[in-house]
Each structure stands twice: as C-alpha cells, then as structure tokens.
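# Overview (structure and organization)
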Amino acid sequence: MLIQLPPGGGAFEIRTPHAIAAVRGTEYIVDVTLEQTSVFVVRGKVAVSRANGSETVLLTQGEGADVAPGVPFAPVRWGVPRAEALLARFGR
C-alpha cells in the first residue's frame, strides 16, 4: 500500500499483525507478508513500532524497517535496487 498524506493532515496510522506505522506528514509504503511488515519512507518521517506498541523507531526519507516477530529491527537505509523494486510495484 502506498500512502500519500500532506503535512498537517492529522493523525494517521497503519496497523498490521507485525507493526504500527504512524505518519508524520509523509509518503511511505507498507508491504505486508505472512512473515513480516516492511515500511519504506519515500519522503517525510514515519514512526514504526511493533503491533503491541513497543520498540518504536523513527524512519526518515530513504530508510526502511522490516518488522517480524522475535527479530530486532532498526532504521536501515535501503539500497537503490530494493527501493526501486518496491516503488515499481506502485508504478513509480
């Protein structure tokens, strides 16, 4: 799912079985599989935490996080191939 929200658009979050992605005025992608939830920030900022609200990290432009049960996660600058492959799924 590709989300585009203007800054100041109010509170908005995506909840999956693995994570919560809370918007901070941004454009980002949430990719959910049975094993994990991946969040990638195109521009702006997104707070990502586990589905129970723990272990929150803040992602900025070009960063992503893969959230899976029992596996540590942190902001990671995604390489061009991975980012482009995800964006291509949304015609970008």
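Per chain, residue numbering runs from 1 following the sequence as it is written. Totals for whole chains, interfaces and linings use every residue, but because this is a predicted model, local features are given only for residues with pLDDT of at least 70 and side-chain atom pairs only at 80 or more, for both listing and counting. Each side-chain value is worked out from all heavy atoms of the structure, with water and hydrogens disregarded.

## Side note on the pairing of strand S8 (residues 63-67)
This is how the line gets drawn: Burial status follows relative accessibility: with a 1.4 Å probe on protein chains alone, a residue under 20% of its type maximum counts as buried, one over 50% as exposed, and anything between as partly exposed. Only DSSP runs of H or I with at least four residues qualify as helices, and only runs of E with at least two residues qualify as strands; both kinds are numbered from the N terminus onward. In this analysis, strands are considered paired if DSSP registers two or more bridges between them.
Counting buried positions along S8 yields four of five residues, so the element is predominantly enclosed. Summarising the sheet, S8 and strand S9 (residues 76-77) pair through two bridges and their orientation is antiparallel. Bridge pairing in S9 places Glu 63 opposite Arg 77.

## Considerations on unusual backbone geometry
Positive phi values are uncommon outside glycine, yet Glu 55 reaches one of about 55°. Here Glu 55 lies in the loop between strand S6 (45-50) and strand S7 (57-60).

## Points about the pattern of salt bridges
What counts is decided by this rule: Here a salt bridge means any side-chain nitrogen of Lys or Arg lying within 4 Å of a carboxyl oxygen belonging to Asp or Glu.
Summed over the entire model, instances satisfying the criterion amount to five salt bridges. In this structure, the salt-bridge partner of Glu 27 is Arg 43, at a minimum N-O distance of 3.4 Å. In this pair, Glu 27 sits in strand S4 (residues 27-32) while Arg 43 sits in strand S5 (residues 37-43), placing the two residues 16 residues apart along the sequence. Relative accessible area serves as the criterion here: at 4%, Glu 27 is assigned to the buried category. What makes Arg 43 partly exposed here is its relative accessible area of 36%. Two residues, Glu 55 and Arg 50, come together in a salt bridge whose shortest N-O distance is 2.8 Å. The exposure class assigned to Glu 55 is partly exposed, which follows from its relative accessible area of 44%.

## Let's talk about helix H1 (residues 80-88)
As a reminder, the rule being used: In this description, the arc belongs to the directions extending from the helix axis to the C-beta atoms.
Among the residues making up H1, those that are buried are Ala 83, Leu 86 and Leu 87. On an axial view of H1, the arc spanned by its buried residues comes to 100°, and they lie on one face.

## Details of the environment of Val 30
Here Val 30 shows up in strand S4. For Val 30, a relative accessible area of 3% corresponds to the buried category. Sequence spacing of Val 30 and Ala 65 is 35 residues, and the spatial spacing of their C-alpha atoms is 9.9 Å.

## Let's talk about the environment of Trp 78
As a reminder, the rule being used: Throughout, a contact is declared for two residues whenever any of their heavy atoms are within 4.5 Å.
Here Trp 78 shows up in the loop between S9 and H1. Judged by its relative accessible area of 10%, Trp 78 falls in the buried class. Distance from Trp 78 to Glu 63, taken between C-alpha atoms, is 5.7 Å for residues 15 residues apart in sequence. Look past the residues within four positions of Trp 78 in its chain and what remains in contact with it is Ser 38, Val 39, Phe 40, Gly 62, Gly 64, Ala 65, Asp 66, Ala 83 and Leu 86.

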